[in-house]
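# Inside the fold
Each chain, written out:
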Amino acid sequence: MFFIKSITKVLNKLKINKDTPLIVSVSGGVDSMVLFNLLVKFEYKIIVVHFNHHTRDENLLEKKLVEDTAKSNDITYYTFDYNHNGGNFQEQARKFRLKKLREVAKKHNTTYVLTAHHLDDLAETIILKIVRGSNLYGYAGIQPVTKIDSFTYIKPLIELSKKEIITYANKNDVKYLDDASNFDIKYARNRIRNAVLPILKQENDQVLNKFLQYSELLTESYNFIKKYSYQFILDNKIDISNLIKEDNIIIKETLAILLEQNKLEFNQNTLNKLINILKSKKPNLKYNLSNNYKFIKSYNQAYIQKNVETKPFRIELKNGINMLPNMKKITLLNNVSDSQGLAPKICYNEISLPVIAITRIPGDVLMFNYGRKKLKDFLIDKKIPLNKRDDLVVITDSNNIILWVEGCYTNNTIGQQNTIYIELGENHES
């Protein structure tokens with residue numbers, strides 16, 4: 001009875017209708033053939049997918065077994081050939097399987113993908129993670145249910161040991177083939193499977209259940225930490241002042257959430273560097289996460305931004321609408337009644353025309369009634385975020401006297417006799 005409950009536990013919890021297609025990865029080994037058998041017995045609608053990795057002579061026998069079993073049960077099946085082209089075989093083969101399983105799922109309009117991972121697999125994974133290093137979630141090993149993008153990956157056998165699965169297969173006449181590569185000690189997982197776990201089982205015949213308890217405890221702890229950490233992210237930005245009051249494990253998880261939301265790979269070293277940035281007294285810092293993304297600290301906020309090259313420009317402005325290279329448009333008006341809103345105004349007695357729109361350059365100086373100030377220092381005082389400074393539109397006359405800086409400065413030292421009005425907006429034209 002425990003065996004049956006363990007299989008249906010996850011599927012019942014997800015409330016999966018038996019008419020919903022389930023994509024099942026079946027290798028021909030005892031684990032997947034038992035899963036195949038049980039799903040047929042429980043009358044689920046399944047689509048079988050088999051992969052031939054061309055690593056052993058037995059691959060063709062496994063393919064035939066899966067195909068024959070599918071045909072005898074009138075079940076739709078697919079077989080895919082994987083041809084290795086270099087690199088890490090296990091990692092490349094895993095990506096290939098994942099890609100094909102998703103393709104089949106999309107074809108049958110379903111999001112559910114089932115694999116036959118079991119309790120021994122869970123224990124092996126936990127040991128591997130401990131040896132190689134991971135985060136709290138990784139140390140928990142294999143999850144019964146994992147949602148990635150729009151797909152749900154389910155492991156219905158995760159609470160059952162290999163021994164229990166073999167016993168079921170023998171009692172119920174489930175045909176399967178043994179995979180000799182499971183004993184090849186060139187793979188770390190096989191060394192753990194055949195050398196480490198047997199010793200642990202000798203120490204405690206319930207050790208697999210201890211691994212399950214360990215996994216569940218870590219998962220519960222991780223889920224709480226993750227849920228708690230979400231409060232520090234609003235609109236994809238981290239609230240630094242509140243976050244840095246928390247313990248490091250909360251800070252790390254908050255950063256991990258932000259990185260995962262942007263689908264960026266990271267490790268503990270990355271997280272530690274980002275923590276140092278958050279805790280730095282410097283108000284503006286940035287860190288390249290990849291060729292395409294950077295992490296930005298700007299005063300009390302931190303966020304991830306796609307790298308976009310800011311190209312300098314210098315555009316002579318005419319009356320009316322002017323399109324700028326940075327996807328903005330600027331409109332010069334002589335009469336405020338022509339404005340569509342509250343247009344900023346520049347007052348002057350005499351300026352050297354034409355008026356010019358530029359991006360800021362090193363050494364730019366602003367004029368005030370009390371004296372002069374570098375634009376860079378002015379923007380720092382105004383706490384204008386670092387990433388926005390290079391995108392600001394600056395308007396000068398032809399003698400490079402700064403008349404106006406987008407959103408933060410108007411030159412009030414050049415008289416009041418004449419006036420021009422400015423409207424700045426987005427250029428939505430393709």
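That block above? That's the structure.
The structure contained in this document is the topic of the report that follows. (Residues numbered from 1 in each chain as written. Predicted model: local features only at pLDDT ≥ 70, side-chain atom pairs only at ≥ 80, totals over all residues. Heavy atoms only, no water.)

Within the largest apolar cluster, 32 residues are counted, with the highest numbers of intra-cluster contacts made by Leu 22, Val 34, Phe 36, Leu 39, Ile 46, Leu 114 and Leu 157. Taken together, the elements giving at least two residues each to this core come down to helix H1 (2–13), strand E1 (22–25), helix H2 (30–41), strand E2 (46–52), helix H3 (59–72), strand E4 (112–114) and helix H7 (162–171). Broken down by element, the residue count for this core peaks at seven residues, all from H2. Each residue touching Leu 22, except ones within four places of it in the same chain, is listed here: Ile 16, Leu 39, Tyr 44, Lys 45, Ile 46, Ile 47, Tyr 112 and Leu 114. (Core = buried A, V, L, I, M, F, W, Y, C linked by side-chain atoms within 4.5 Å. Buried < 20%, exposed > 50% of the residue type's maximum accessible area, 1.4 Å probe, protein only. Helix = DSSP H or I, 4+ residues; strand = E, 2+ residues; numbered from the N terminus. Contact = heavy atoms within 4.5 Å.)

With respect to the helices and strands, Ile 240 occurs in helix H10 (residues 240–243). Put simply, Ile 240 and Asn 300 are 60 residues apart on the chain and 5.2 Å apart in space, counted from C-alpha to C-alpha. Beyond its immediate stretch of four places on either side in the chain, Ile 240 contacts Leu 278, Lys 297, Tyr 299, Asn 300, Gln 301 and Ala 302.

Now for the environment of Cys 347. Mapping Cys 347 onto the fold places it in strand E15 (residues 345–348). Residue classification places Cys 347 among the buried positions, given a relative accessible area of 10%. Remark: the alpha-carbon pair of Cys 347 and Val 26, spanning 321 residues in sequence, is separated by 77 Å. Residues in contact with Cys 347, not counting those within four places in the same chain, are Asn 411, Ile 414, Gly 415, Gln 416, Asn 418 and Thr 419.

So, on to the packing of aromatic side chains. Per the counting criterion, the structure on display carries 13 aromatic pairs. On the basis of an interplanar angle of 5° and a centroid distance of 6.4 Å, the ring pair of Tyr 78 and Phe 80 is categorised as stacked. Across the pair, Phe 80 and Tyr 78 agree in class, each one buried. With a centroid separation of 5.8 Å and an interplanar angle of 70°, the aromatic rings of Tyr 82 and Phe 89 are classed as edge-to-face. Residue classification places Tyr 82 among the buried residues on the basis of a relative accessible area of 7%. (Phe/Tyr/Trp six-rings, centres within 6.5 Å; stacked < 30°, edge-to-face > 60°.)

Don't take any of this as a statement about function, it's just geometry.
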